[in-house]
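Summary of structural features
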Amino acid sequence: MTETDEPELTVYHRHLAQVLKRDDRDNFQALLVQARHITSRCYETTLYDHQQTFRLLWRHLERSGHLSRAHQEVRTRLASGKASPDERAELELFLTVYAQVHPAE
């Protein structure tokens, strides 16, 4: 906690400093890592920090148009049957979240 009793956003600030320096594919991988932290309840810092980082990455990728492209790529990757079980779990989680945010697609 900071002196104002607000949670520190260590992971968030690290990604904030890197988000514009990385390409969209690296940011997408970082998004999947944050989703894994949140769903597995295995935090580097706090749940809040990882949630805010996930939101940062999601919004950045949405603005760049990469989420829509990733949605199609993920569906193709899963249909190919070539994803490992761990990768499949991450990609299915992404599709679940994407469907909740973009229900018409």
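As a starting point, this report considers the structure included with it. (Residues numbered from 1 in each chain as written. Predicted model: local features only at pLDDT ≥ 70, side-chain atom pairs only at ≥ 80, totals over all residues. Heavy atoms only, no water.)

1. Structural notes on the overall build of the chain
Test applied: Helix and strand labels come from DSSP, where a helix needs a run of H or I of at least four residues and a strand needs a run of E of at least two; each type is numbered from the N terminus. Here a residue-residue contact requires only that any non-hydrogen atoms of the pair lie within 4.5 Å.
When helices and strands are counted, the chain shows 5 helices and 0 strands. Overall, the chain shows an N-to-C arrangement of helices and strands of α-α-α-α-α. Dimensions of the chain, computed from the C-alpha atoms along their principal axes, are close to 50 × 25 × 25 Å. Residue pairs in contact within the chain that sit at least 24 positions apart in sequence constitute 64% of those at least 6 positions apart.

2. Concerning helix H2 (residues 24-40)
Rule in force here: Take the residue count of a helix, subtract one, and multiply by 1.5 Å to get its expected span. Burial status follows relative accessibility: with a 1.4 Å probe on protein chains alone, a residue under 20% of its type maximum counts as buried, one over 50% as exposed, and anything between as partly exposed. Polar contact is the term for a pair of N or O atoms within 3.5 Å; when the atoms are in protein, one must be able to donate a hydrogen and the other to accept it, and sequence-neighboring residues count only if both atoms are side-chain atoms.
For H2, which comprises 17 residues, the first-to-last C-alpha distance of 24 Å matches the rise-based estimate of 24 Å (1.5 Å per residue) to within 8%. Buried within H2 we find Asp24, Asn27, Phe28, Ala30, Leu31, Leu32, Gln34, Ala35 and His37. Tucked inside the fold, the buried residues of H2 contact helix H1 (10-18), helix H3 (47-64), helix H4 (66-80) and helix H5 (85-101). In this structure Asp23 caps H2, since a side-chain oxygen of it lies 3.2 Å from the backbone nitrogen of Arg25. Where H2 ends, the next residue or the one after it, Arg41, has phi of about 55°, a positive value.

3. Points about the environment of Glu44
Relative to the helices and strands, Glu44 is located in the loop between H2 and H3. Sequence separation between Glu44 and Val11 is 33 residues, and the spatial gap between their C-alpha atoms is 7.7 Å. Other than its neighbours up to four places away in sequence, Glu44 contacts Val11, Arg14, His37 and His50. Of note is the side chain of Glu44, whose polar atom sits 3.0 Å from the side chain of Arg14.

4. Some details on the pattern of salt bridges
Under the convention used in this document: When a carboxyl oxygen of Asp or Glu is within 4 Å of a side-chain nitrogen of Lys or Arg, the pair counts as a salt bridge.
Considering all chains together, one arrives at 6 salt bridges under this definition. Between Glu44 and Arg14 there is a salt bridge, with its nearest N and O atoms 3.0 Å apart. Here Arg14 lies in helix H1 and Glu44 lies in the loop between H2 and H3, a separation of 30 residues in the sequence. Classification of Glu44 by relative accessible area gives partly exposed; the value is 45%. With a closest N to O distance of 3.1 Å, Arg25 and Glu73 form a salt bridge. In this pair, Arg25 sits in helix H2 while Glu73 sits in helix H4, placing the two residues 48 residues apart along the sequence. Overall, Arg25 belongs to the exposed group, its relative accessible area being 51%. For Glu73, a relative accessible area of 34% corresponds to the partly exposed category.

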